[in-house]
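Given next are the chains, with one letter for each unit.
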Amino acid sequence: MKIAVFGLGFVGLTTAVGFANKDIKVSGYEISKEKVEMLKNGNIPFFEKDLNEALNNAIKTNLTITSDIIKALDSTDIVFYCIGTPMSDDGSADLSFILNALQDTANHIKLCKEKPILVIKSTIPPGSLKDVFLPFLQALGLVENRDFILANNPEFLREGYAYDDFMNPDRIVIGADFKIDKIIEIYSKFNAQIIFVSPNTAEFIKYLSNTMLSMMISYANDMSIIAKHIGDIDIKKAFEVLHMDKRFFGNPANITSYIYPGMGFGGYCLPKDTFALYKQSKNKGYESKLIKEILNINDAIIDYHIANIQENRDANIGILGLSFKPNSDDVRDSKSLLLIQKLIAKGYKNIYAFDPLANHSFKKTYNIDIKYTNSLNEIINSCEALIIATAWSDFKNLDVKNKRVYNLRYI
Ligand SMILES: NC(=O)c1ccc[n+]([C@@H]2O[C@H](COP(=O)([O-])OP(=O)(O)OC[C@H]3O[C@@H](n4cnc5c(N)ncnc54)[C@H](O)[C@@H]3O)[C@@H](O)[C@H]2O)c1
């Protein structure tokens, strides 16, 4: 097996050195001749812990560094593209550098082994592989799965820990239409799960990760402004104490259940407390757009789901879950109430409900015209369509034949 890595920046150099030190023959190809000279001499143009030593080991064994594309592509099975995708003037990702590299590859594709696998490792917006790169290669006269296989493989390494992150990944994500044996072969040398998903999913996963990190940083900064306006708040201490929350610890940490889509937060605390802090800060002269938007999204998500529920208005609709979260019978500000009210307002006439714990408290708290059922079986048998509104584990793997299930908690 031989691989080529195009672009020897942070990601590409780490990738090339990493695979070489896993005993794979690697050609590292870079257009900057200056960089190539430096790397050939065992020096790297930036600081990255352990990478210099690893490079020196790799160039003595499996890694060749070159600015000659012919050498780079000769007898190559897999090409990894680790080329920059900077922001263009309009804010979108500039994919032109990757397109240039694909064009160069296409010009010399015959040098590669049969049906080389072209893997985009750069960060590319969801849809790029299918909507940009595939048509580009096809326009050059190449036929997918005859002349090449196209895939993507987002990289999650952190600068400063690049080599260690590459050698010890948490997960390896491959976006492709089918499982590719050669990719499995090279990544089997790493101790991590190899996850094959559709190309769009793989691209999305990378942005899911980065935008979550951006959101958390902006959240923390916004909170520091709110604290300043309220006054006499030790923000450093406050965050240190926040980090002691046991939801951040363990594997998987319980915080993951909050970073998961569903139909919004309800219950006694989150809605009222989020709103109260927004109001307090506003009264003190700082209106947090972020907190306001958190509340707006929480209101809007239920309408988004309801728009997707298309059933006959006379059909029996079963609501699975009435408590605001699983393992509780608390129904205060439960999203299930809003869901039922909105379904009734849309003309649904026959609504059934079942909750493993909260039937009684829901009935007692809310005077609403629905039929309560006493078991999961009863509601399944009574209804044509079921809506999972609370993420009770009882609702996983439902045995429902010929019935539509709207899984609004993605359990
Ligand atoms: N830096 C990170 O921490 C990081 C982490 C994960 C993903 N990414 C993504 O990986 C991609 C690369 O990032 P980077 O930080 O390594 O970029 P970089 O700018 O450090 O490296 C890109 C390299 O590609 C070379 N290059 C450009 N066109 C080329 C071509 N046609 N053929 C060969 N080489 C070419 C450039 O000269 C440069 O050395 C980006 O999409 C980035 O968003 C970066």
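Residues numbered from 1 in each chain as written. Predicted model: local features only at pLDDT ≥ 70, side-chain atom pairs only at ≥ 80, totals over all residues. Heavy atoms only, no water.

1. Observations concerning the packing of helix α5 (residues 96-107) against helix α6 (residues 128-139)
Consideration 1: Relative to each other, α5 and α6 sit at 30 degrees, their axes nearing to 11 Å. Taken together, the axis directions place α5 and α6 in an arrangement best described as roughly parallel. With respect to the hand of their crossing, α5 and α6 are arranged in right-handed fashion. On α6, the residues touching Ile-98, Leu-99, Leu-102 and Gln-103 of α5 are Val-132, Phe-133, Phe-136 and Leu-137.
Consideration 2: Looking at the contact of α5 with α6 residue by residue, the class counts come to seven nonpolar, one polar and no charged. (Axes fitted to C-alpha atoms, helices over the stretch in contact; angles between N-to-C directions. Helix = DSSP H or I, 4+ residues; strand = E, 2+ residues; numbered from the N terminus. Parallel < 35°, antiparallel > 145°, perpendicular 65-115°, else oblique. Left-handed = near helix turned anticlockwise from the far one by under 90°. Contact = heavy atoms within 4.5 Å. Nonpolar A, V, L, I, M, F, W, Y, C, P; charged D, E, K, R; others polar.)

2. Looking at unusual backbone geometry
Consideration 1: Backbone torsion omega between Asn-251 and Pro-252 reads 0 degrees, so that peptide bond is classified as cis.
Consideration 2: Position of Pro-252 relative to the elements: it lies in the loop between α10 (235-242) and α11 (270-283).
Consideration 3: Of note, the phi angle at Ser-75 is positive, near 55 degrees, even though the residue is not glycine.
Consideration 4: Inspection of the secondary structure puts Ser-75 in the loop between α4 (69-73) and β4 (78-81).
Consideration 5: For Ser-75, a relative accessible area of 33% puts it in the partly exposed group. (Buried < 20%, exposed > 50% of the residue type's maximum accessible area, 1.4 Å probe, protein only.)

3. Points about the sheet that holds strand β10 (residues 350-354)
Consideration 1: Spatial strand order, β11-β10-β9-β12-β13: five strands in an open sheet with parallel pairing. Two strands bound the open sheet, and with one partner strand each, they are β11 (371-372) and β13 (404-407).
Consideration 2: As paired strands, strand β9 (residues 316-320) and β10 are joined by five bridges and run parallel to one another. Residue pairing in the sheet places Asn-316 in a bridge with Asn-350 of β10. (Pairing = 2+ DSSP bridges.)

4. Quick notes on empty space enclosed by the protein
Left-over empty space is what a probe sized like a water molecule reveals as it rolls over the atoms.
Consideration 1: All told, the structure shown has two cavities of 30 Å³ or more when counted by the stated rule.
Consideration 2: Considered as a void within the structure, the largest cavity measures approximately 50 Å³ in volume.
Consideration 3: Lining of the largest cavity is provided by Ile-120, Ser-122, Thr-123, Ile-124, Asn-152, Asn-153, Pro-154, Glu-203, Lys-206 and Tyr-207.
Consideration 4: At three residues, helix α9 (residues 199-230) tops the list of elements feeding residues into the lining of the largest cavity.
Consideration 5: Of the residues assigned to the lining of the largest cavity, the class counts are four nonpolar, four polar and two charged.
Consideration 6: Taken as a whole, the second largest cavity holds about 30 Å³ of empty space.
Consideration 7: Together, Glu-144, Asn-145, Ile-149, Leu-150, Ala-176, Asp-177, Phe-178 and Ile-180 line the second largest cavity.
Consideration 8: Looking at the lining of the second largest cavity residue by residue, the classes come out as five nonpolar, one polar and two charged. (1 Å grid on protein atoms, 1.4 Å probe; cavity = no way out; pocket = protein on both sides within 12 Å on 5 of 7 lines; lining within 4 Å. Points joined across faces, edges and corners; volume = space filled by probe spheres on them.)

5. As for the site of the ligand
Consideration 1: Around the ligand lies a shell of 19 residues, among which Val-11, Glu-30, Lys-35, Thr-85 and Glu-159 are the nearest.
Consideration 2: Note that an oxygen atom of the ligand is positioned 3.1 Å from one of the backbone N or O atoms of Phe-10.
Consideration 3: Note that an oxygen atom of the ligand is positioned 2.9 Å from one of the backbone N or O atoms of Val-11.
Consideration 4: For the ligand, whose free accessible area comes to 830 Å², the fraction covered by protein is 79%.
Consideration 5: In the shell around the ligand, the residues fall into eight nonpolar, six polar and five charged. (Near = heavy atom within 4 Å. Polar contact = N/O pair within 3.5 Å; in protein donor to acceptor, adjacent residues only side chain to side chain. Areas by Shrake-Rupley, 256 points an atom, 1.4 Å probe, with all protein chains shown as cover.)

6. What to know about α11
Consideration 1: Spanning 14 residues, α11 covers 20 Å between terminal C-alpha atoms, matching the ideal 20 Å at 1.5 Å per step.
Consideration 2: Within α11 the residues assigned to the buried category are Pro-271, Thr-274, Tyr-278 and Ser-281. One side of α11 carries all its buried residues, which in axial view fall inside an arc of 115 degrees.
Consideration 3: Where the residues of α11 are buried, they touch α9 and α12 (289-308).
Consideration 4: One or two steps after α11, the chain reaches Gly-285, where phi turns positive at roughly 105 degrees. (Expected span 1.5 Å × (residues − 1). Arc of directions from axis to C-beta.)

Geometry only, nothing functional implied.
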